[in-house]
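# Structural overview
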Amino acid sequence: MRIIFMGTPEFAVASLAALLDAGLDVVAVVTAPDKPAGRGQKLHQSAVKQHALLKGLPVLQPEKLRDTGFLAELRALKADLQVVVAFRMLPEVVWDMPPRGTVNLHASLLPQYRGAAPINHAIINGETESGVTTFLLQHEIDTGHILFAEPVAIGPNDTAGDLHDRLMAVGAELLVRTVNAIASGTAEPVPQRNLVTDGELKHAPKIFKEDCLIDWNQSVVTVHNLIRGLSPYPTAYTVLHGKTLKLFEVEKDETPPQYQPGAFYTDGKSFLKFACSDGYIVVKTLQLEGKKRMDIIEFLKGYRF
């Protein structure tokens with residue numbers, strides 16, 4: 001089969017690499033346009049574009065997916081199948097183009113956690129299991145017929161970054177399995193409605209800055225899950241002496257607090273704790289506004305309370 005791959009960030013690179021390593025015929029890659037980044041605002045290529053160029057693959061970078069020129073290029077490639085991993089929402093004119101359809105890899109066990117941030121929300125909600133799913137695109141986002149799924153355990157202290165890396169690797173393997181099944185005619189799509197139980201569907205909408213502000217009135221477990229679910233990005237934060245303080249790595253101390261929620265407690269040398277409603281969050285790695293990321297001992301050496 002002739003395959004067009006669509007993706008942008010590092011998460012998608014593992015899948016592209018796995019398809020190529022499996023000897024599958026990727027005829028072109030579609031990714032985001034180069035964007036200015038950093039202090040010099042130099043144009044930055046997406047991780048997928050960098051890998052595609054390294055492998056000598058043609059790269060398309062449309063500003064608009066409905067652009068007639070882009071659609072003509074896409075048709076000229078005569079793909080049998082399109083594969084999408086961490087890319088933007090496709091219009092029907094694109095996802096319905098190849099005769100074998102368009103397959104998407106999603107970082108959750110669908111139909112749970114449809115949306116833009118499934119990895120973050122799974123940890124924020126205290127889940128002990130997530131996974132990856134391949135499905136065929138259709139009109140409503142993340143609702144297409146499921147092809148394959150693979151569960152992945154979530155540890156009690158895993159961050160979104162930890163889960164991201166595991167799902168990235170497992171997802172790449174699952175995608176190769178999916179494409180081979182489509183090629184051999186053994187794939188059996190299952191409607192998601194067949195998998196919906198009496199339980200509530202949980203969603204994974206895009207996360208905004210206001211969602212990252214820590215509410216210290218909540219339980220220590222809830223705050224701990226929020227912090228690890230937003231680490232390393234977009235990062236949970238609080239305010240310390242009028243400045244934003246991002247928290248990356250923390251531990252739970254479930255000792256009944258002697259301070260009001262949000263109050264901090266430190267010896268100025270080795271530890272910094274914030275009181276929650278029923279315990280403390282012990283900070284291990286943090287970043288104060290205007291400073292670099294550092295561990296707590298390094299931070300306390302230079303900070304005057």
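Report follows, based on the coordinates. (Residues numbered from 1 in each chain as written. Predicted model: local features only at pLDDT ≥ 70, side-chain atom pairs only at ≥ 80, totals over all residues. Heavy atoms only, no water.)

## Some details on the pairing of strand β10 (residues 236-240)
What counts is decided by this rule: We call a residue buried when its accessible area falls under 20% of the maximum for its residue type, exposed when it is over 50%, and partly exposed in between, using a 1.4 Å probe and counting protein chains only. Runs of E in the DSSP output that reach at least two residues are strands. Runs of H or I that reach at least four are helices, and both are numbered from the N terminus. Strand pairing is assigned whenever DSSP identifies at least 2 bridges connecting the two strands.
Of all five residues making up β10, four are buried, and the element is well covered by its neighbours. The sheet contact formed by β10 and strand β11 (residues 243-253) spans five bridges and is antiparallel. Across the sheet, residue V239 finds its bridge partner in β11, namely T244. Between the end of β10 and the start of β11, which pair antiparallel, lie two residues, with H241 showing a positive phi angle near 50°.

## Focus: the environment of L90
To be explicit about the condition: Two residues qualify as a contact provided that any one of their heavy atoms is within 4.5 Å of a heavy atom in the partner residue.
For L90, the position within the fold is in the loop between β6 (81-85) and α4 (92-95). Among the residues examined, L90 registers a relative accessible area of 9% and is labelled buried. Along the chain, L90 and E210 lie 120 residues apart, while their C-alpha atoms are 28 Å from each other. When neighbours within four sequence positions are excluded, L90 is seen to be in contact with M6, L65, V84, W95, T102 and L137.

## Details of the nonpolar core
We count it as follows: As used here, the term nonpolar core means buried Ala, Val, Leu, Ile, Met, Phe, Trp, Tyr and Cys residues forming a set that is joined through side-chain atoms within 4.5 Å.
By size, the foremost hydrophobic cluster in this structure holds 40 residues, and its most contacted members are F5, F11, L19, V29, V83, V85 and L167. With eleven residues, helix α6 (residues 160-184) is the single largest residue contributor to this core. The contacts of V83, once residues within four sequence positions are left out, are I3, I4, F5, M6, L19, V103, L175 and V179. Among the nonpolar cores identified, the runner-up in size contains 28 residues, and V220, Y237, C276 and V283 belong to it.

## A short note on the sheet that holds strand β7 (residues 102-106)
Convention followed: Axes here mean lines fitted to C-alpha atoms, for a helix over just the part in contact, with angles spanning 0 to 180 degrees between N-to-C directions.
Spatial strand order, β5-β2-β1-β6-β7-β8-β9: seven strands in an open sheet with mixed pairing. The strands lining the two open edges of the sheet, one partner per strand, are β5 (59-60) and β9 (146-153). Note that strand β1 (residues 2-7) and β6 share five bridges and pair parallel. Bridge pairing in β6 places M6 opposite V84. Contacting β1, β2 (25-30), β6 and β7, helix α1 (residues 10-21) crosses the sheet at an angle of about 165° to β1.

## Thoughts on the side chain of S231
Structurally, the position occupied by S231 is in the loop between α7 (220-229) and β10. Discounting chain neighbours no more than four positions away, the residues touching S231 are T159, A160, G161 and F248.

## Notes on the pattern of salt bridges
Where we set the bar: Should a side-chain nitrogen of Lys or Arg be within 4 Å of a carboxyl oxygen of Asp or Glu, the pair is scored as a salt bridge.
Evaluation of the coordinates by the stated rule reveals seven salt bridges. Across the pair R166 and D158 runs a salt bridge, and its minimum N-O distance is 2.5 Å. On the basis of relative accessibility, which here comes to 13%, the residue D158 falls in the buried class. Residue K273 is joined to D253 by a salt bridge in which the shortest nitrogen-to-oxygen separation is 3.0 Å.

## A word on unusual backbone geometry
Of all residues except glycine, most have a negative phi; of all peptide bonds, most are trans. With an omega of 15°, the peptide bond between L110 and P111 qualifies as cis. Along the polypeptide, P111 turns up in the loop between β7 and α5 (118-124). The omega torsion across Y233 and P234 is 5°, close enough to zero to call that bond cis. Structurally, P234 is set in the loop between α7 and β10. Even without being a glycine, K78 presents a positive backbone phi close to 50°. Following the sequence through the fold, K78 ends up in the loop between α3 (68-76) and β6. For K78, a relative accessible area of 64% gives the class exposed. Despite not being glycine, A86 shows a phi value in the positive range, around 50°. Here A86 shows up in the loop between β6 and α4. Judged by its relative accessible area of 33%, A86 falls in the partly exposed class.

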